[in-house]
Amino acid sequence: MKVSSGVTDLRSMPNCLLTSVLRTLLGVRGRRLVIATSTLLAAALFTAVPGASASNRYYAHAAQSCANASTPAAGASSQAMRNAVVCLINAQRVARHLPALHEQRRLDRSAQGWTDHMVARGQFSHGSSFSARITAAGFVWSSAGENIASGFATPLEVVNAWMASTGHCQNILSPSYADVGTGVSRRAVRGSASGPATWTQDFGLPMGQHAPSNNSSPANGCPYSA
């Protein structure tokens, strides 16, 4: 199983193997800072975090209301899987006093297209520029990020894995994002994972909008174990 992330907090970079950063430079319209990406092995996940038990209990309760959270990707429609992943990440956010993200169809298109590309080509990566992919899908952004994973069978498994890895967790809990899109395939990326399913989430803040929160404490506390 593998996961990889693009994160938006420069302070997180020493905690990751490599990360990617996309952010419009302050006061300079249209200029963006980009740092290259790499992969994190799923075997390096799942680290206990002291003091997170109250939020985890809230999340565990809220996650029970997310339909198809424990349904394998092979057992439900792609839309059902997208809905489950968005429900679960929003449960993580709300448990830590962050506003929920809105599903955005252009980001869905970007994330699904990249998921299909990785599976078809057998290449597990963010590619040369995920910012260009997001823009090509019609989403004009001021801040953007991406999580990918392969080999996790259910929405609950992949969200728990992302939350247990610093860069992925910080994307999910970033106060800077307002929108999210999700892609899913029932197949793994060959050569990268033996289990089923591949997942992509693209995060963004539309150009001209203010960040929906200034609460960076949850992201600074990443990672969190289930």
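Trainee: Quick one: what's the story with the state of the cysteines, residue by residue and with numbers?
Mentor: This structure, assessed with the given rule, holds 2 disulfides. Residue pairing for Cys-66: its cysteine sulfur links by disulfide to Cys-87, the two sulfurs lying 2.1 Å apart. Across the S-S bond linking Cys-66 and Cys-87, the dihedral sits near -80°, which makes this disulfide left-handed. Pair noted here: Cys-66 is in the loop between helix 1 (53–63) and helix 2 (78–95) and Cys-87 is in helix 2, with a separation of 21 residues, a long-range link.

Trainee: Got a sec to walk through the pairing of strand 7 (residues 179–185)? Specific residues and values, please.
Mentor: Of all 7 residues in strand 7, 7 are buried, a share of seventy percent or more. Side chains Asp-179, Gly-181, Gly-183 and Ser-185 project from strand 7 onto one buried face, and the interleaved Val-180, Thr-182 and Val-184 project onto a second face that is buried too. Inspection of the sheet shows strand 5 (residues 102–103) paired to strand 7 by 2 bridges, in the parallel sense. By the bridge assignment for strand 7, Glu-103 is matched with Val-180. Sheet topology places strand 7 next to strand 8 (residues 198–206); 7 bridges connect them, and they run antiparallel. Among the inter-strand pairings, Asp-179 is bridged to a residue of strand 8, identified as Gly-204.

Trainee: Report on helix 3 (residues 105–121), specifying residues and quantitative values.
Mentor: Given 3.6 residues per helical turn, the α-helix brings residues three or four places apart onto the same face. Here helix 3 contains 17 residues, and its C-alpha end-to-end distance of 24 Å stays within 8% of the 24 Å for a straight helix at 1.5 Å per residue. Buried residues belonging to helix 3 abut helix 2, strand 5, helix 4 (130–136), strand 6 (141–150), strand 7 and strand 8. Here helix 3 starts with a cap whose side-chain oxygen sits 2.7 Å from the backbone nitrogen of Arg-106, and that cap is Gln-104.

Trainee: Please set out the packing of helix 2 against helix 5 (residues 155–163) residue by residue, giving values where relevant.
Mentor: As a packed pair, helix 2 and helix 5 sit with axes 9 Å apart at the nearest point and diverge in direction by 40°. Of the possible angle classes, the one that applies to helix 2 and helix 5 is oblique. For the crossing formed where helix 2 meets helix 5, the hand is right-handed. On helix 5, the residues that touch Met-81, Ala-84, Val-85, Leu-88, Ile-89 and Gln-92 of helix 2 are Pro-155, Leu-156, Val-159, Asn-160, Trp-162 and Met-163. In terms of residue class, the contact of helix 2 with helix 5 is made up of 10 nonpolar, 2 polar and no charged.

Calculation rules
Residues numbered from 1 in each chain as written. Predicted model: local features only at pLDDT ≥ 70, side-chain atom pairs only at ≥ 80, totals over all residues. Heavy atoms only, no water. Disulfide = S-S within 2.5 Å. Helix = DSSP H or I, 4+ residues; strand = E, 2+ residues; numbered from the N terminus. Buried < 20%, exposed > 50% of the residue type's maximum accessible area, 1.4 Å probe, protein only. Pairing = 2+ DSSP bridges. Expected span 1.5 Å × (residues − 1). Contact = heavy atoms within 4.5 Å. Polar contact = N/O pair within 3.5 Å; in protein donor to acceptor, adjacent residues only side chain to side chain. Axes fitted to C-alpha atoms, helices over the stretch in contact; angles between N-to-C directions. Parallel < 35°, antiparallel > 145°, perpendicular 65-115°, else oblique. Left-handed = near helix turned anticlockwise from the far one by under 90°. Nonpolar A, V, L, I, M, F, W, Y, C, P; charged D, E, K, R; others polar.

The analysis is restricted to geometry; functional conclusions fall outside its scope.
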